[in-house]
Amino acid sequence: MKRDLNTLANTEYDLIVIGSGIYGANTAWDAALRGLKVALIEKDDFGGATSANSLKTIHGGLRYLQQLDFKRMRESIRERMILMRIAPQFVYPLRVVMPTYSYKMKSRPALMAALIANDIIGFDRNGLNDPHKYMPNGYTVSSKKVDEYIPGYTKYNLNGGAVWYDCQCYNTERMLLSFVHSAAEHGADVANYLKATELIYDGKRVVGVKTKDEFTGNTLDIRGKIVINSGGPWVDQLLASLNGKAPERKFTLSSAMNIVVKRNLLNGNAAGISGPYKYIHPDGSEYNAHRILFFSSWRDYTIIGTNHLVYHKKDAPEQYKVSEAEIQDFLACVNQAYPAAEIKRNEVTFFYGGFLPMAGQHPNSGEVQLEKHYQICDHMASHKIDGLITVVGVKYTTARDVAKKTIDLAFKKLGKKDPGTKTDVTPIYGGEINRFLDFQEQLVSNQPYKIPEASLKHLSYNYGSAYKDILQYAEDSADWAQLLPGSDEVLKAEVLHGVREEMAMKLSDIILRRTDMGSGEQPNADAISAAADIMAAELKWDDKRKQQEIDDVNQIYVSV
Ligand SMILES: Cc1cc2nc3c(=O)[nH]c(=O)nc-3n(C[C@H](O)[C@H](O)[C@H](O)COP(=O)(O)OP(=O)(O)OC[C@H]3O[C@@H](n4cnc5c(N)ncnc54)[C@H](O)[C@@H]3O)c2cc1C
C-alpha cells in the first residue's frame, strides 16, 4: 500500500469513502471487490478512532433475546461466522460465563431457556471446516464450576452459572488494516492523514471532496460520482456544509471506556458480572442501580467494560480524553462487582475511550441507552442532494454487513450492473488459511530464520498467511528477522514493513496499529526507541522529530 496523493488528485472515482474506521474500511473493500474505482481517505491513521476502542468481542447478540430481536440476533450470528471464515487469523470462540442466582429472571432455569433459544436461533453457526472455530451449545454449571471460571466470585443467592460461546478478535486494529490492505489489493487508492474538509458540489450533486494533507497542509480535490461519509463520531461535521446549513444531527454521542488490567483474572474466559453503581441526576439526587460489566480475558490481560457516559461537548469529539477520575470511579465499580479480583490502579495498564451513538438515558437510573440500529442515509431522500451517502454504525461486529448494504445502494445510484458482494466468502489479507491451529503449528515447526516460537505465534495471529510479507525482508538481511530490542515477540522487519507497505507515518501507528506491541500496555523504553530508530532511518527524521514521536507515544498511556 502506497500513499499516492497524485493519483488521488488525478483519478475520477466511482466512490470516495471518507473515514477508515471499520465501516469505511469494509465499505472500500466491498466496493473494490465488486469492481468499482474507489478512494479511501482517513484524517488520522487507519482505525485510530472508535474502532480502536473495542472490547474485542465479536458478538453473536445473545442480549438481543431480551428484546426478542431475532433479526438482529441472526445478523450478528451470521457475521460472527463470516468473520471466522474470512479472517481466521483474528477471530476465534471465547467461553462466556454469567453467574445465576435464585431470583426468577437470573435463575439457572431462566438462563438455560435463553441459552436453548440462542442455540436454536444460531442453529447454523458451525458451518466452517475448522475445529478451532467450533461453537458449542450453551449449558449451565454449578457454583463450584463458576469458581473455576471466575475465581473467588461469591454472592448471596449465587447458585451456578450460564455458559455460552461468543467470539473474540485477537487484534482489532490489524484486522481493520487487513480490510484496508484487501481494498488496496483490489485497486482502491487509500491514504491516511488526509482530511476531507469540504464536499464539492455541482448544483445539487456532490461530485467530490476537498482534502488537506495533515502533514504538509497542502490541499487537493478528489473527484468521484458518489461520496460515502463514514466518519464515525465526525459524520455531522462533514454534513454541516449540506445546503449551507447543518442538518439534523445523525446521532447524539455517548463516551464509552474500557480498561485493560495486566492480569488474566478469569483463566481465559469472559464473564458478565452485575455490579452496583450510583447515578447522580443533574438536580443532585442520587439513584442506585445495577449494571452488567463485561470482563474478557485477552492474551495475558483482562479487558473490562464498558463505562458509558453522556458526552456534552457534542461538536468536538476530538476533545474527549479518558480522565483519571473516570478510571478511578470505574475501577471502584469493578471491584464492587468482583471483590475477589482486588484490582489495583497500577494494574490498569491501558484504557480505551471512544464514542457510541446514544438513543437516550433511562429516566430513573440515568443509564445511557445506546442506539440499536445502524443508519444508511441517502441524502437524495433526506436533503435532495445526490451523490452522498452517510453511514453510522453501532458495532464493529456487523460492519461488513452494513458495508454490503451501502454498496448495494451505491450500485443502484450509479445505475451500474451489480455483480453482488463477495465479502462473505473472500478471505481478507492474510486470511488464506484452512485450519488455523494446523497453520500455526506448521509455521512454528518450520521455524524460519530460527525465530522464537512466541514470535512465530504472534506473526501467525497478526499477519496470518501474509507473514511471508514480513519474512521477505530477512532475504536481504537476516538482521530483519531478529527481535526488536526490548520485545519478546515483535521482529524488526515488522516496523520496516509498517513504514514501507502499511503507511505508518507516526511512531504511534507502529506501536498501536502495525506491530501491536502497545495495545495492552506501554511497551518498554528500549522497544519504543528501537522502533523509532528504524522509522527515523526510513523517514529521514532528525533527532528532534524522533524525540517528539517518542514523547507522543508515552503520552498515550497517561490519563488527563
Ligand atoms: C469502548 C468501546 C468498546 C466497544 N466494543 C465493541 C465490541 O466489543 N464489539 C463490537 O462489535 N463493537 C464494539 N464497539 C463499537 C465499535 O467499536 C464501533 O461501532 C465501530 O468501531 C464504529 O466504527 P466507525 O468506522 O463507524 O467509526 P470510527 O472507527 O470512529 O471511524 C471513523 C473514521 O473516520 C475518520 N474521519 C472522520 N472525519 C473525517 C474526515 N473529515 N476526513 C477523513 N477522515 C475522517 C476518523 O478519523 C475515524 O478514523 C465498541 C465501542 C467503544 C467506544
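Quick notes on the rules
- Residues numbered from 1 in each chain as written.
- Predicted model: local features only at pLDDT ≥ 70, side-chain atom pairs only at ≥ 80, totals over all residues.
- Heavy atoms only, no water.
- Helix = DSSP H or I, 4+ residues; strand = E, 2+ residues; numbered from the N terminus.
- Buried < 20%, exposed > 50% of the residue type's maximum accessible area, 1.4 Å probe, protein only.
- Polar contact = N/O pair within 3.5 Å; in protein donor to acceptor, adjacent residues only side chain to side chain.
- Contact = heavy atoms within 4.5 Å.
- Near = heavy atom within 4 Å.
- Areas by Shrake-Rupley, 256 points an atom, 1.4 Å probe, with all protein chains shown as cover.
- Nonpolar A, V, L, I, M, F, W, Y, C, P; charged D, E, K, R; others polar.
- Pairing = 2+ DSSP bridges.
- Disulfide = S-S within 2.5 Å.
- Phe/Tyr/Trp six-rings, centres within 6.5 Å; stacked < 30°, edge-to-face > 60°.
- 1 Å grid on protein atoms, 1.4 Å probe; cavity = no way out; pocket = protein on both sides within 12 Å on 5 of 7 lines; lining within 4 Å.
- Points joined across faces, edges and corners; volume = space filled by probe spheres on them.

## Considerations on the side chain of Asn307
Piece 1. Checked against the element boundaries, Asn307 lands in strand β14 (residues 301-310).
Piece 2. Using a relative accessible area of 7% as the deciding quantity, one classes Asn307 as buried.
Piece 3. There is a polar contact of 3.0 Å between the side chain of Asn307 and the side chain of Arg291.
Piece 4. For Asn307, the residues in contact, after removing those within four places along its chain, are Ser255, Ala256, Met257, Arg291, Glu326 and Phe330.

## Some words on the side chain of Asn269
Piece 1. Relative to the elements of secondary structure, Asn269 occurs in the loop between β11 (252-261) and β12 (270-280).
Piece 2. Beyond its immediate chain neighbours, meaning those up to four positions away, Asn269 contacts Leu94, Arg95, Tyr149, Phe295, Ser296 and Ser297.

## Section: the site of the ligand
Piece 1. Around the ligand, the surrounding shell holds 36 residues, and the nearest of these are Glu42, Thr50, Ser51, Thr57 and Thr397.
Piece 2. Between Tyr23 and the ligand, the recorded distance is 3.1 Å, taken from a backbone N or O atom to an oxygen atom.
Piece 3. Within the side chain of Ser54, one N or O atom sits 3.4 Å away from an oxygen atom of the ligand.
Piece 4. Here the ligand loses 96% of its free accessible area of 1,000 Å² to cover by the protein chains.
Piece 5. Those elements that place two or more of their residues in the shell around the ligand are α2 (22-33), β8 (194-202), β11 and β15 (348-361).
Piece 6. By residue class, the composition of the shell around the ligand is 16 nonpolar, 15 polar and five charged.

## Notes on the pairing of β11
Piece 1. When you tally the buried positions in β11, you get nine out of 10 residues, the bulk of the element.
Piece 2. Strand direction decides the pairing type here: β11 and β15, joined by 10 bridges, are antiparallel. Counted as the bridge partner of Ser255 is Phe355 from β15.

## Let's talk about the state of the cysteines
Piece 1. Tallied over the full model, the rule gives zero disulfides.
Piece 2. Cysteine Cys167 shares no disulfide, and the gap to the nearest cysteine sulfur, in Cys169, comes to 9.8 Å.
Piece 3. Take Cys167: its relative accessible area is 0%, and that puts it in the buried class.

## Points about the packing of aromatic side chains
Piece 1. Tallied over the entire structure, the rule returns 15 aromatic pairs.
Piece 2. With a centroid separation of 4.1 Å and an interplanar angle of 15°, the aromatic rings of Tyr170 and Tyr461 are classed as stacked. One end of the pair, Tyr170, is in the loop between β6 (158-169) and α6 (172-185); the other, Tyr461, is in helix α12 (residues 453-463), and 291 residues separate them in sequence. Comparing Tyr170 with Tyr461 shows no difference in burial state: the two are buried.
Piece 3. The interplanar angle of 55° and the centroid separation of 6.1 Å between the aromatic rings of Phe439 and Tyr467 together place this pair among those described as tilted. Pair noted here: Phe439 is in helix α11 (residues 436-446) and Tyr467 is in helix α13 (residues 467-476), with a separation of 28 residues, a long-range link.
Piece 4. Judged by relative accessible area, which is 16%, Phe439 ranks as buried.

## Details of the layout of surface pockets
Piece 1. In this structure, the second largest pocket occupies an estimated 820 Å³ of space.
Piece 2. Taken together, 31 residues make up the lining of the second largest pocket; nearest its centre are Tyr170, Arg299, Asp300, Tyr301 and Glu489.
Piece 3. Contributions of two or more residues to the lining of the second largest pocket are made by β4 (91-101), β13 (286-298) and α12.
Piece 4. If you tally residues by element for the lining of the second largest pocket, the top one is β4, at three residues.
Piece 5. Across the lining of the second largest pocket, the residue classes tally to 11 nonpolar, 13 polar and seven charged.

## Focus: the environment of Trp234
Piece 1. Among the secondary structure elements, Trp234 is positioned in the loop between β10 (219-229) and α7 (235-239).
Piece 2. The buried category is assigned to Trp234, whose relative accessible area is 16%.
Piece 3. Between the C-alpha atoms of Trp234 and Leu370, which are 136 residues apart in sequence, the distance is 17 Å.
Piece 4. Other than its neighbours up to four places away in sequence, Trp234 contacts Lys43, Ala49, Pro317 and Glu318.

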